[in-house]
Amino acid sequence: MTKMYIRLTSVLSVALFLSTVVLGQQITTIGAKAAPTGMDTIVVTGTVKDAATGKPIDGSRISVQDFSAAISDSLGNFWIKVPFLNAAIFVEADGYNRQIVPVNFRNRIEVLLLADMTHTFDDLLVMPLGQQYQRYTSAAVGQYRGQGWQQPLETIDALLQGQVAGLNAIRRSGAPGAGANLFLNGINSLYATNQPLIVVDGMPFDASEYGQSLIANNYTNPLSLIDVKDIDNVTVLKDAASIYGAKGANGAIIITTVNAGGQQATKIDAGIYAGMNFAPQQLPVLNAVDYRIHLNRMLSSSGMTAEQIAGLPYMIDDLSRTDYFRYHNNTDWQGKVLDNSVNQNVYLRITGGDNIATYGLTVGYMKNSGVIKNTDIERYNTRFNADFNFSERLKGMANLSFTYNDQNVKDQGIADKTAPLFNALVKAPLFHERELAADGTASPNLEAVDILGISNPVAITDKIEAYNKYYRFFGSFKFQYDISKYFTACTMVGIQFDKYRETFYVPSEGIVMDTLWNDIANNRMGSQVKQLFSLFNDTRLEYNRVFNYQHSVKARLGFRFQNNKANQVYVTTANSATDDLVSVQNGLAGLRQVGGDMGEWSWINNYLGAAYGFKDKIFLDLNMALDGSSRFGVKAANGLTIAGHQFPLFPSIGAAWLVSSEKFMSNSAVDLFKLRASYSVAGNDDIGNYAARQLYVGQNLLGAEGSVRKGISNPELQWETVYKINGGIDLAFFHNRLGLSFDVFSNRTKNMLVYRPMESITGFGSVLTNGGELQNNGFEANLNFRVLNGQQLKWDFGANIATYKNKILAVPQDAIYTNYANATIVTAVGQPANQFYGYKTNGVFATDAEAAASGLTKINTDGSVSAFEAGDIRFVDNGDKIIDEDDRTVIGDANPDFFGGVSNRLTWKGFELNALVTFSVGNDVYNYVRYRLESQSGVQNQLQSVMNSWQVEGQQTTMPKAAWGDPMGNNRFSDRWIEDGSYLRLRSLNLTYNFPVKSNGVFKSIAVLLTGNNLFTATKYLGYDPEFSVTSSPLVQGIDTGLTPVSKNVVLGVRLGL
Amino acid sequence: MNKYKYFKAVFLWLIVFGGIMHGCKKWDDHNRVTEEAAGMNLLQRIEADPELSRFAELLASSGYADTVASSKRYTVYAPTNQALTALPPNITQDASLLKRFVAGHILSSAYTTTQIEGTIRAAALSGKYHDLTNTSIDNIAISRQNLLAKNGLLQVIGEALPLLENTAAFVASDARMPALQRAVLSGVLDSLFKRRVFDLTNESKNYTLFVVSDAAWQAEVEKYKPYFNVPGNEDSSRLVASWNVAKDWVVDTLYPTVASLPDTITSKFGVKTAIPKANIVEVVKTSNGVVYIMESLETLPRHKFRDIIIEAENYNGASHNRLGNTFIRDKRDSTTGGIFRDVLVYNHGVAMFNLRYRLTEIPSIKYRAYWMALNDNINGMTSTFNQKIGVDSFNSPTPVYATVALNRYAEQFAGEFTLTQYRPTFNLYLTAANSTSANVNAIVCNYIRLEPVF
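Residues numbered from 1 in each chain as written. Chains lettered and ligands numbered in written order. Predicted model: local features only at pLDDT ≥ 70, side-chain atom pairs only at ≥ 80, totals over all residues.

1. Re the overall build of chain A
The secondary structure content of chain A amounts to 10 helices and 56 strands. Of all 1058 residues assigned to chain A, the portion counted as buried reaches 52%. (Helix = DSSP H or I, 4+ residues; strand = E, 2+ residues; numbered from the N terminus. Buried ≥ 20, exposed ≤ 12 C-beta atoms within 10 Å, placed from the backbone.)

2. Considering the overall build of chain B
A count of helices and strands for chain B gives 13 helices and 25 strands. By the compact-globule yardstick of 22 Å for 454 residues, chain B is too spread out, its C-alpha radius of gyration being 35 Å. Its C-alpha atoms put chain B at 135 × 65 × 35 Å along the principal axes. Put simply, of all contacts in chain B between residues at least 6 apart along the chain, 69% involve residues at least 24 apart. (Rg over C-alpha atoms; globule rule 2.2 N^0.38 Å. Contact = placed C-beta atoms within 7 Å.)

3. Description of the packing of helix α11 (residues 214-224) of chain B against helix α12 (residues 234-246) of chain B
Residue and element names in this part refer to chain B. Between α11 and α12, the least distance of the axes is 8 Å, while the angle of their chain directions is 115°. If you check the angle between α11 and α12, you find them roughly perpendicular. When the axes of α11 and α12 are compared, the crossing they make is right-handed. Contact residues: α11 offers E220, V221 and Y224, while α12 offers R238, A241, S242, N244 and V245. Classifying every residue of the contact of α11 with α12 gives four nonpolar, two polar and two charged. (Axes fitted to C-alpha atoms, helices over the stretch in contact; angles between N-to-C directions. Parallel < 35°, antiparallel > 145°, perpendicular 65-115°, else oblique. Left-handed = near helix turned anticlockwise from the far one by under 90°. Nonpolar A, V, L, I, M, F, W, Y, C, P; charged D, E, K, R; others polar.)

4. Examining helix α3 (residues 288-301) of chain A
All names here are of chain A. Between the first and last C-alpha of α3 there are 20 Å, a value that for 14 residues agrees with the 20 Å anticipated at 1.5 Å per step. Judged by how many residues are buried, α3 sits mostly within the fold: 12 of 14 residues are covered. Turning to α3, its buried residues number three or more, namely A288, D290, Y291, R292, I293, H294, L295, N296, R297, M298, L299 and S300. Elements that come into contact with the buried residues of α3 comprise α4 (306-310). Residue G303 follows α3 closely and has a positive phi angle near 100°. (Expected span 1.5 Å × (residues − 1).)

5. A short note on the nonpolar core
With 130 residues, the main nonpolar core has L42(B), I46(B), L59(B), V68(B) and V76(B) as its most contacted residues. The contact partners of V68(B), leaving out residues within four places of it in the chain, are L42(B), L43(B), L59(B), Y74(B), V76(B) and I106(B). The next biggest cluster of nonpolar side chains, apart from the first, holds 91 residues, and it includes V200(A), F205(A), A246(A) and A802(A). (Core = buried A, V, L, I, M, F, W, Y, C linked by C-beta atoms within 7 Å.)

6. Section: the environment of A438(B)
Residue and element names in this part refer to chain B. Mapped onto the secondary structure, A438 falls in the loop between β23 (423-432) and β24 (443-445). C-beta crowding within 10 Å serves as the criterion here: with 16 such atoms nearby, A438 is assigned to the partly exposed category. Sequence spacing of A438 and N347 is 91 residues, and the spatial spacing of their C-alpha atoms is 4.2 Å. Not counting residues within four places of it along the chain, the set of residues in contact with A438 comprises Y346 and N347.

7. Let's talk about the confidence of the model for chain A
Residue and element names in this part refer to chain A. On average, residues of chain A score 91 in pLDDT, and 96% of them reach the 70 mark or higher. The low-confidence segment residues 1-6, where pLDDT is below 50, has 10 contacts with residues more than four positions distant or belonging to other chains. Within the model, the stretch residues 20-38 combines pLDDT values under 50 with 19 contacts to residues more than four positions away or in other chains. (pLDDT = per-residue confidence, 0-100.)

8. Details of the interface of chain B and chain A
Chain B puts 32 residues into the contact, and the matching count from chain A is 34 residues. Per-element tally for the side of chain B that touches chain A: the top contributor is helix α1 (residues 2-31) of chain B, with 11 residues. Here the side of chain B that touches chain A is composed, by residue class, of 12 nonpolar, 13 polar and seven charged.

9. Some details on the environment of N368(A)
Residues and elements named next belong to chain A. Note that N368 resides in strand β19 (residues 357-369). Given 26 C-beta atoms within 10 Å, N368 falls into the buried group. Taking the C-alpha atoms as reference points, N368 and I226, 142 residues apart in sequence, are found 14 Å from one another. The residues touching N368, leaving out its near neighbours within four places in the chain, are L153, P176, N343, D376 and I377.

10. Regarding the environment of P280(A)
All names here are of chain A. Checked against the element boundaries, P280 lands in the loop between β17 (267-277) and α3. A tally of 21 C-beta atoms within 10 Å means that P280 is categorised as buried. Considered as a pair, P280 and G174 are 106 residues apart in the sequence and their alpha carbons are 10.0 Å apart. With residues up to four places along the chain from it excluded, the contact list for P280 reads L338, V371, Y1024, D1025, P1045 and S1047.

11. Quick word on the pairing of strand β42 (residues 815-820) of chain A
All names here are of chain A. As paired elements, β42 and strand β43 (residues 823-828) share six bridges and run antiparallel to each other. Each bridged residue has a counterpart across the sheet, and for N819 the counterpart in β43 is T824. Here β42 folds back onto β43 in antiparallel fashion, the turn holding two residues, of which A821 has a positive phi close to 50°. (Pairing = 2+ DSSP bridges.)

12. Concerning unusual backbone geometry
Cis geometry is adopted by the peptide bond preceding P399(B), which originates at T398(B) and carries an omega value of -15°. Take P399(B): it is sitting in the loop between β20 (385-391) and β21 (402-404). Phi is positive for N575(A), close to 60°, though the residue is something other than glycine. Position of N575(A) relative to the elements: it lies in the loop between β29 (551-574) and β30 (593-614). Located in the positive-phi region is K615(A), a residue other than glycine, with phi close to 50°. Inspection of the secondary structure assignment puts K615(A) in the loop between β30 and β31 (618-629).

13. Topic: the sheet that holds strand β16 (residues 326-332) of chain B
Residues and elements named next belong to chain B. The three strands are arranged β16-β17-β24 in an open sheet whose pairing can be described as antiparallel. Every interior strand has two partners, whereas the edge strands, β16 and β24, have only one. Neighbouring strand axes in the sheet, compared pairwise and without regard to direction, differ in orientation by 20° on average.

14. Observations concerning the packing of helix α3 (residues 53-62) of chain B against helix α7 (residues 95-103) of chain B
All names here are of chain B. Their axes nearest at 9 Å, the elements α3 and α7 cross at an angle of 125°. Classed by the angle they form, the pair α3 and α7 counts as oblique. α3 and α7 meet at a crossing whose hand is left-handed. On α7, the residues touching L58, L59, S61 and S62 of α3 are L98, K99 and V102.

15. A short note on α11(B)
All names here are of chain B. Among the residues of α11, those classed as buried are W217, E220, V221 and Y224. The buried residues of α11 occupy an angular sector of 100° when the element is viewed end-on, so they sit on one face. Exposed residues on α11 whose side chains face more than 90 degrees from its buried face are A215 and E222. (Arc of directions from axis to C-beta.)

16. Brief notes about the sheet that holds strand β6 (residues 99-102) of chain A
Residue and element names in this part refer to chain A. Spatially, the four strands line up as an open sheet ordered β3-β2-β5-β6, and their pairing is antiparallel. Edge strands, defined here as strands with exactly one partner in the open sheet, are β3 (68-71) and β6. Each strand axis lies, on average, 20° off the axis of its neighbour in the sheet, ignoring direction. Sheet topology places strand β5 (residues 88-92) next to β6; four bridges connect them, and they run antiparallel.

17. Here we look at the confidence of the model for chain B
Atom-level detail of predicted coordinates should not be read off regions where pLDDT is low. For chain B, the average pLDDT comes to 90, and 95% of its residues sit at 70 or higher. With a pTM of 0.87, the predicted complex shows an ipTM of 0.83.

18. Brief notes about the pairing of strand β54 (residues 983-995) of chain A
All names here are of chain A. Sheet analysis places strand β51 (residues 911-921) next to β54, joined by 10 bridges and oriented antiparallel. The residue bridging T918 from the neighbouring strand is R985, located in β54. With 12 bridges joining them, β54 and strand β55 (residues 1005-1019) adopt antiparallel strand pairing. What sits directly across from L989, in β55, is G1012.

This is how it looks when you write it as structure tokens:
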């Protein structure tokens, strides 16, 4: 059947392809008639000069594509034949950026070349169907040139932060290798992925995590398998990703890795790095003195009498007692779990070859320790990329990589019993991490769970074992055959193969016992294996032709096929005999839980890409894809039905007009003025492998095993469809020293996946449907400016900024309420997708009279009514005098008002200074950590701010009274916990010094690099760090659950060229 | 050109430095206490108050300054400087007294007046308890309430809390205590009194104790001696009489003033004593109550000796094991409507079957016995039957058999007897008819009431 629909869609695509080719032929005819006579006689003269010094450049290469070429003389002068007076001349010289100069009806051209620019519109981009000059694209793209040598510890997703306008990269946490969640041009989906498609060397790179980690809130980031130094170029394609069909809804990130770049000379680069990661600044929790006062307040509010409290061992200050030292410490628990740590990296990269084959080979080792003790990631990676010229017509390419990661992790975020950081924050400073003798001598034994019932954070960091081993082979071969001058056929076959093994052991010593459904677990253990096997094929026919030097036609017709198999098996159990028996077979058989998941899915993408350029000034692009997927429901609407399966069509068109190449702009000071527009339709197939099918799940009833239906099937379940309109302007001034881009976009997601609530009579809670719709409108701007262009000193300034407004157009029952970490997030029609929905507060009642005057009450679960009293929070009421769910309102929005980055690059002699500042403004954050640390409802340690809590009648304060168990709900999800998460961060600062080397010396280059990350963050946010992203879901962004904070690090490295 | 680089470096450093300062400040702002006092400990708070400078000095000299600066929570009832001018010099001179005095003003835990409903009794660090209301401590008004501090609260009082002994100490050693009653209370009867009446050393409670002059005491004991006649042992008679006099002259209610005293008190044992207020000689306040020194006080024998009620189902023994024939019944009283429980032994087949009741501490008086016995057509029986009360023996000659009438819910007179001696222990019997016939020799009884006859 698969074959059948391949055939059918192929026929359709071929028809489209042929029509493009025919159209091209017709153009040829028209062009031939219109061609001016005597084209050989048009000669343009000019000079090429260095923009910094004004000195002529000798030996610069001047060319008109496929027509003529020249080289400038010692005075920089050249003359060259052009086919038309509106042709474009390419000017290139070693050490300078390429410049494409439209002749524009001039006879004489003065070209000022800039050296070493970070970005110009004449850069070559890697697009889905091949390379293209940015000048000539109609798509909205962002480009990032690899700076991996400066950032050896980063992952590419985190590295893209602040580099591309509209790409909101939010780092997941500060855990090594955690990477970032990527949102390109706002939010496109609520329940399907928002991550752009990641394509590495032409093959989709599976960057999603299948199945959760057994270790709380750890994200295994497949992108941590890629050494960023391997990356040469990244293109971020924001629209026109229709070519990727049902995977193109969120745009695409196209990564190209190491290659020789056509250079045959052997080039060897070696890098050695070592650095420090700095523990974050501690949160100001109570010290022992204040904590004991606080604890006293808490215990009093719990109803204990003064005598009972005074009799507690930590309240008795009697040195003669044998347990005095056990309860009278002032331990800095944060200092016990957070620590500065080291990182190191060695890397070797060799490129070279001959006229038959060129290659790029890299090997690397990295170890990066986390700021949480005993966490680290170790990576062994190698990559081999090669280009072969088998014959004049047959070329081959190989891209092979293998990476092995070995990671030690700890629970993070909401894991009250086992997360080291959370326990360090709430653990009473009165206790010590070691058992103490009567005279205060510390024993080597770790202290047990304290009498307040909180784990020993040092036992967590030292004794909990949690690690994973992860490897991936990612490799492809590509063959390309030039059928004729204009036709090329190529095919790529690749596989990716993952294996991920994870093991954990939570000992009994010092850790609070866990409650399982059928037992109390004094120790717990588990392991998990996940595998992914993915086969990919991309076969296409390419057609490239320029007619009469005026009409360029490029067309690609092909299909992609991907088959994926993923499986996951996990075992957890508990209660092995001693803490020395740590593996799963030692746990009790009765507590063993075995589970897993298997998934297989296939994707077929029949695509056509066609590009037409007229006289280097008008460009039209047409892309379309006809996609099939095993995930789509058989009754899905809006697709072509072929052999009983649904094939949605995803078209896109784009147009660009280089106004600056028009005659009327020939003498303008504007170097480039381009208008772009695109309309595209793309899909999102992340709807679950089997969600459209009727499923059965195992069910145990009174000892008998059987199967029951898992929900109601929805055979109409389909892809999400995203309609994107993008308009843009590109501008360049001052001999290309200043480049500007503006884009406006409007994205609309239809058929958006939502859970539709069901009547309870059905027996099911909800069913997955395509009943949602949302839109994103936004604006982006990008600026690159060479501020200083001196002979020695150069300063490149870059800035990008983006904003989007997200609006829900349709969801079931007009609103979805999502609960997470004690917060409620509302997704309501007419409003942004993810708004915090809770209570508004207005201070604290200072006196009982005030509280009584307000008349506010609360209805308890047993139906009784409690009145708010002095010291309680004054919640804003809707008028019924009862504080209940009806009083909730929107109290925050996690979407930023705008975000972006500012980059600076200064070069002076051998020095190069890079500074990247990133910012996010106007995003609200729910500070869950502070909620836990200011809730004053139990024995947990709290922030110093609780010393301000209300105590006596008339006391003016913003902190409510300490109340055991929080009977009045003062800590409910309210604007008390919502903060402005805006920040401005010195994301990275790099200083490189290139030593002068003798041309005949051993070293071709020696550079010393010093890089600091996150060195400075300006924010009002009251937490370790304002950046975190607990899951990839857009609904729970901006919730600080206490993941390992992003922290400072410094790396010093040497790069040697041999 | 180099100028720019310099400028940039300076600019960057400014940002970094500014950021660090900014980072510190955000927490300072957030953690700052709204009212300055909330960040001061009690010692700092007291030292900062000009009206309390004298008390601050006493805190320092008594060694309690560190305590109120520590990380536990306290309520300090601080007397004003003016209140402390009247401080007896012996307190300031005696280190241990001073410690006790100061400690008496510091209470563990924080007591805001708004939380106090009625009167609560709370311990000070001296071990003494104080009565707290929402306006006062031990009836001393709080002049400035609920002054905030980090580790507790400060209440300013216009009068110092006096150093007081407890009632037991008054009894044992105070010169005003009459000797005879002291001899009894703190002598041989001390532990008995503690166990069965009240422990007057307990600081956490309040007691009102009445003591009388030696003469009055003597008269009262003499008055009761005949009721506790131990033949041939005059001392024992006096001792038992003394005990019985003493136990009813203390209550665990605080009557701090004469005006607050009722005209009659009721002891723990239900014995009423009229209080002739005119006879009050002196009222002595102690740390756990008050002692009234009286010229005389009398408890009437008819108040002292109350009816003895014996629940018949709670018998101590039976003449024969007839558990199979013994029924403990729950019955509804048709006259009162209440439920009572009685005992019925039916068809036991033993002539003069009897149940034994062990009574203790029975004074030597004449008693009239009544029972409530329900003969409610037991097992279809329509006749009456006889049963009797036996004194010391199941077949004592008196009282004689009495008839148990049919379906009678009221009490019935069952005879009378006289005890000539005080009986520490004493057996009473309920004896069946001298027959083995089931319909004749049943025993039934709800209770037996012994009424003293004077």
